[in-house]
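Here are the chains, one letter per residue:
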Amino acid sequence: MKKSVFLGALTVAGLAAGASAAATLDDVKARGTLNCGVTTGLVGFAAPNAEGEWEGFDVAVCRAVAAAVLGDPTAVEFVPTTGKTRFTALASGEIDLLARNTTWTFSRDNDLKFEFVGINYYDGQGFMVPRELGISSAQELDGATVCIQTGTTTELNLADFFRANNISYEPVPIETNAEAQPLYLEGACDVYTTDASGLAATRAAFENPGDHVILPEIISKEPLGPLVRHGDNDWGDIARWTLNALIAAEEYGVTSANVEELAEGTDNPEVNRLLGTEGNLGEMIGLDADWAVRAIAAGGNYGELFEKHIGESTPIGLSRGLNAQWTEGGLLYSPPFR
């Protein structure tokens with residue numbers, strides 16, 4: 001009797017979770033737009049351009065998911081969020097997906113009840129200082145005032161680093177990157193600390209980027225990636241495998257320029273499964289066979305997106321580093337499409 005009641009409870013719970021997960025996909029389709037949470041503005045990752053259109057590396061993830069699900073990479077409502085508001089926006093259902101340079105941590109995954117669907121940028125926390133201070137190492141920051149975004153992993157990392165090195169600091173709390181920039185430039189804080197990629201993006205927006213130095217120390221691991229709500233398994237699968245499709249496409253040489261041609265069929269079974277000419281992978285996640293073709297065509301594969309928005313030829317100037325493909329000495333790796 002106890003066993004049958006227990007199994008019945010599991011069945012009800014499973015059905016409820018499945019209904020919740022399916023509901024997100026149904027809601028997005030019925031609405032005709034994807035509500036995607038992004039940062040309030042970080043050049044290269046997510047920021048409006050001169051025409052007011054959102055663009056950037058994280059924005060591209062939103063557009064790829066919209067293309068996969070709705071057939072239109074422009075069918076996205078971008079919702080700016082801060083370090084404090086991003087999780088409430090996702091938990092409340094205000095947004096369907098959060099793609100906002102957010103670090104995957106144990107507590108966010110379990111205590112806050114979110115589901116990270118992958119890593120789109122391997123990062124770490126760093127420090128930026130004015131060149132005129134003559135500082136070459138974070139070990140020289142004793143007594144510094146430090147601008148730091150509240151509600152982020154950087155707060156704890158900063159405290160840990162200064163305590164471990166027996167040096168002191170005075171925090172200057174800020175909520176957004178836009179708030180930090182003028183404070184730092186006006187000298188209200190000696191140092192700005194956040195993810196190293198964010199520092200590079202922030203510096204690129206300065207009038208004189210060369211007047212500022214990003215110190216060599218990286219004091220944390222910051223695996224950044226998109227996330228959905230716990231229980232949103234079906235929806236999470238769509239976001240996860242859309243990101244994986246962009247990563248796998250780069251590995252197999254599938255680009256925005258050749259994806260339509262390759263979708264007619266190739267000699268590579270993995271590419272054929274990815275692009276829907278073999279198997280029924282799209283059906284398994286509630287989409288049609290061409291979902292990945294649309295996602296890749298929306299802006300390109302992972303490498304194309306990286307180079308366009310944050311790569312070495314952009315003002316951000318980031319090298320691939322850990323974000324290179326596994327075949328090139330990096331950590332980037334998609335599970336098989338089979």
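Keep in mind the model is a prediction, meaning the values are calculated, not measured.

Attention now goes to helix α8 (residues 233-251). Its 19 residues give α8 an end-to-end C-alpha distance of 26 Å, which sits within 8% of 27 Å, the value for a rise of 1.5 Å per residue. Within α8, burial applies to W235, G236, I238, A239, T242, L243, N244, A245, L246, I247, A248 and A249. Two residues or fewer past α8, G253 is found with a positive phi of approximately 75°.

A few words now on the pattern of salt bridges. One pass over the full model with this rule turns up eight salt bridges. A salt bridge links R163 to D160, with the shortest nitrogen-to-oxygen separation between them at 3.5 Å. Remark: D160 and R163 occur in helix α5 (residues 153-164); sequence separation between them is three residues, near one turn of the helix. For R163, a relative accessible area of 66% gives the class exposed. Of the residues examined, D160 reaches a relative accessible area of 40% and is grouped as partly exposed. Here R320 makes a salt bridge to E250, at a shortest N to O gap of 2.9 Å. One end of the pair, R320, is in the segment after α13 (302-309); the other, E250, is in helix α8, and 70 residues separate them in sequence. Judged by relative accessible area, which is 22%, E250 ranks as partly exposed. A network of salt bridges, in which partner residues are shared, links E115, D237 and R240.

Attention now moves to the packing of helix α2 (residues 57-70) against helix α12 (residues 291-299). In a pair of packed helices, the angle between the axes and the distance between the axes together describe the arrangement. Relative to each other, α2 and α12 sit at 145°, their axes nearing to 7 Å. Considering how the two elements wind past one another, α2 and α12 form a crossing that is right-handed. Each of R63, A64, A67 and A68 in α2 lies in contact with α12, whose residues at this interface are W291, R294, A295 and A298. Among the residues making up the contact of α2 with α12, the classes are represented as six nonpolar, no polar and two charged.

Here we come to the state of the cysteines. Here the structure, examined in full by the defined rule, presents two disulfides. Across the disulfide, C36 is cross-linked to C62 (sulfur-sulfur distance 2.1 Å). Note on the C36 and C62 pair: the S-S dihedral is about -65°, so by sign convention the disulfide is left-handed. Of this pair, C36 sits in strand β1 (residues 34-39) while C62 sits in helix α2, and the two are 26 residues apart along the sequence. Across the disulfide from C147 sits C189; the S-S distance is 2.1 Å. Because the torsion about its S-S bond is -100°, the bridge between C147 and C189 counts as left-handed. In this pair, C147 is assigned in strand β9 (residues 144-149) and C189 in the loop between α6 (177-185) and β11 (191-195), connecting sequence segments 42 residues apart. Exposure remark for C189: the relative accessible area of 2% places this residue in the buried category. For the protein chain, numbering the cysteines in disulfides from first to last along the sequence yields the connectivity 1-2, 3-4.

Parameters and conventions
Residues numbered from 1 in each chain as written. Predicted model: local features only at pLDDT ≥ 70, side-chain atom pairs only at ≥ 80, totals over all residues. Heavy atoms only, no water. Helix = DSSP H or I, 4+ residues; strand = E, 2+ residues; numbered from the N terminus. Expected span 1.5 Å × (residues − 1). Buried < 20%, exposed > 50% of the residue type's maximum accessible area, 1.4 Å probe, protein only. Salt bridge = Lys/Arg side-chain N within 4 Å of Asp/Glu carboxyl O. Axes fitted to C-alpha atoms, helices over the stretch in contact; angles between N-to-C directions. Left-handed = near helix turned anticlockwise from the far one by under 90°. Contact = heavy atoms within 4.5 Å. Nonpolar A, V, L, I, M, F, W, Y, C, P; charged D, E, K, R; others polar. Disulfide = S-S within 2.5 Å.

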